[in-house]
Amino acid sequence: MADNTTSGTGLDRILTLEIARVTERAAVAAARLRGRGDEKAADQVAVDAMRQELNRLPIDGTVVIGEGERDEAPMLYIGEEVGTKDGAAVDIALDPLEGTTICAKNLPNSLAVIAIAERGSLLYAPDVYMEKIAIGPGYPEGTVKLDASPTDNIHAVAKAKGVAVHEITACILDRPRHAKLIDEVRATGAAIRLIGDGDVAGVIHTTDPEETGIDIYLGIGGAPEGVLAAAALRCIGGQMEGRLELNTPEKIARAKKMGIEDPNKIYTMVEMATGDVLFSATGVTDGNLLQGVKFAHDGISTHTIVMRSSSKTVREIKARHQDLDKFS
Ligand code: VTB
Ligand code: MG
Ligand code: MG
């Protein structure tokens, strides 16, 4: 096979652009069901569309972060093999509709997302909760730490950014489990952007505070979403740590089966997504960084961000699709 990588190692660079198609197609499918109050239906069409497009990619792919185990998810389940098999062995993390509730309510920031990495380089995380902290690029290494208090982390970000604490905004999922966290962050004087869902977007938003108004992501969300967010940050730059919430013997046993020996381990961004990583996200609903899908009389537009960790290339693709049935 021709070596299309920039470094001689890593993934075929052609895939960087090809994966945009995968999230575009899932986003368009989900967008047709925006605002209908039916999360399951929107999710299902996104899954179907993503799978169809994924199976056209010249890869020997295995889904490692997906819609669940085979018995509860008929498609894009963990372990499902995808692609034409005619290409590199890769691991795939995906969420065809990240923020199903957001999409069903037609609120901001639902996305179709995928990350592709060399085999064995994504954390095989079970579908449990993960405690996360993330900031964008430009901060000294170690500015924030999961083990530090939220107060210390907020102060560290303000100091490193050179602004007052009340000029910092933290993004936190609006959940009862975050009541104490929210109180503590507010007590520092920082502002909070409470989001209903969509913490992959929440983490990505820390990479462009001027555009999104978000400096730091804090709190407990899904572990699969944590790995996807880490993959995205690997490409754009930034820092992230995550700790799986393995708080029952059953969860510890499940994690062990997936190769996780230390249930209390704090994973760095690189430990969650190492090596060469490709990431693509297409907006389903309008958001702070990506516009949602638009249906017009003369075509469908999509807005996608595609990136690659080894080259740190970040591309935004605004595409106009004429006839989706002729998408192939
Ligand atoms: C978060 C959120 C996701 O799951 O990861 C959340 O960002 C965590 O679970 O969009 P709970 O809803 O139980 O708090 C999602 O809401 C769905 O994937
Ligand atoms: Mg999903
Ligand atoms: Mg999700």
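See the structure shown above.
Residues numbered from 1 in each chain as written. Chains lettered and ligands numbered in written order. Predicted model: local features only at pLDDT ≥ 70, side-chain atom pairs only at ≥ 80, totals over all residues. Heavy atoms only, no water.

Here we take up unusual backbone geometry. Phi angles above zero are rare outside glycine, and K85 is one such case at about 75°. Residue K85 is classed as partly exposed on the basis of its relative accessible area, which comes to 43%. In the Ramachandran plot, K312 falls in the positive-phi region, its phi being about 60° despite a non-glycine side chain. Relative to the helices and strands, K312 is located in the loop between strand 13 (299-308) and strand 14 (313-321). (Buried < 20%, exposed > 50% of the residue type's maximum accessible area, 1.4 Å probe, protein only. Helix = DSSP H or I, 4+ residues; strand = E, 2+ residues; numbered from the N terminus.)

Let us now look at the coordination of the magnesium ion (ligand 3). Note on metal sites: the ideal angle is 109.5 degrees for four tetrahedral donors, and 90 or 180 degrees for six octahedral donors. Surrounding the magnesium ion (ligand 3) are the protein donor atoms D95 (OD), E98 (OE) and E225 (OE), which sit 2.2 to 2.4 Å from the metal. In the primary structure, the donors to the magnesium ion (ligand 3) are separated according to the pattern D-x2-E-x126-E. A gap of 4.1 Å separates the magnesium ion (ligand 3) and the magnesium ion (ligand 2), which D95 links by coordinating each metal. (Donors = N, O, S within 2.8 Å, 3.2 Å for Na, K, Ca; no water.)

Among the nonpolar cores identified, the biggest contains 47 residues, and L123, M240, L244 and F279 are the most heavily contacted of them. Counting residues per element, this core draws most heavily on helix 8 (residues 223-236), at ten residues. With residues near it in sequence (within four places) discarded, M240 still touches K132, I133, A134, V203, G226, A229, A230, L233, Y267, T268, M269 and M272. Formed by 33 residues, the second largest nonpolar core is a distinct cluster that contains A30, A31, L76 and V284. (Core = buried A, V, L, I, M, F, W, Y, C linked by side-chain atoms within 4.5 Å. Contact = heavy atoms within 4.5 Å.)

Protein-derived ligands of the magnesium ion (ligand 2) are E67 (OE) and D95 (OD), with the metal-ligand distances lying across 2.3 to 2.7 Å. You can call D95 buried: its relative accessible area is 9%.

Moving on: the site of ligand 1. With respect to spatial proximity, the complete set of residues near ligand 1 consists of E98, G99, Y129, L173, R175, R177, D197, G198, D199, G221, G222 and E225. The separation between an oxygen atom of ligand 1 and a polar side-chain atom of D197 is 2.4 Å. The protein chains hide 76% of the 410 Å² of surface that ligand 1 would expose on its own. A molecule is said to occupy a pocket when more than half its atoms come within 2 Å of that pocket's grid points, and by this definition ligand 1 occupies the largest pocket. Residues of the shell around ligand 1, tallied by class, amount to two nonpolar, four polar and six charged. (Near = heavy atom within 4 Å. Polar contact = N/O pair within 3.5 Å; in protein donor to acceptor, adjacent residues only side chain to side chain. Areas by Shrake-Rupley, 256 points an atom, 1.4 Å probe, with all protein chains shown as cover. 1 Å grid on protein atoms, 1.4 Å probe; cavity = no way out; pocket = protein on both sides within 12 Å on 5 of 7 lines; lining within 4 Å. Sits in = over half its atoms within 2 Å of the grid points. Nonpolar A, V, L, I, M, F, W, Y, C, P; charged D, E, K, R; others polar.)

Take helix 2 (residues 39-54) next. Because each turn of an α-helix spans 3.6 residues, side chains separated by three or four positions end up pointing in the same direction. Spanning 16 residues, helix 2 covers 22 Å between terminal C-alpha atoms, matching the ideal 22 Å at 1.5 Å per step. The elements touched by buried residues of helix 2 are helix 1 (14-31), strand 2 (81-82), strand 3 (89-98), helix 3 (100-105) and strand 4 (111-118). (Expected span 1.5 Å × (residues − 1).)

The next subject is empty space enclosed by the protein. Summed over the entire model, instances satisfying the criterion amount to two cavities of 30 Å³ or more. Size it by volume and the largest cavity reaches roughly 80 Å³. A per-element tally of the lining of the largest cavity places helix 6 (residues 199-205) first, with three residues. Looking at the lining of the largest cavity residue by residue, the classes come out as seven nonpolar, three polar and no charged. Approximately 40 Å³ is the volume found for the second largest cavity. Lining the second largest cavity are V64, I65, G66, E67, G68, I78, A125, D127 and P224. Per-class residue counts for the lining of the second largest cavity are five nonpolar, two polar and two charged. (Points joined across faces, edges and corners; volume = space filled by probe spheres on them.)

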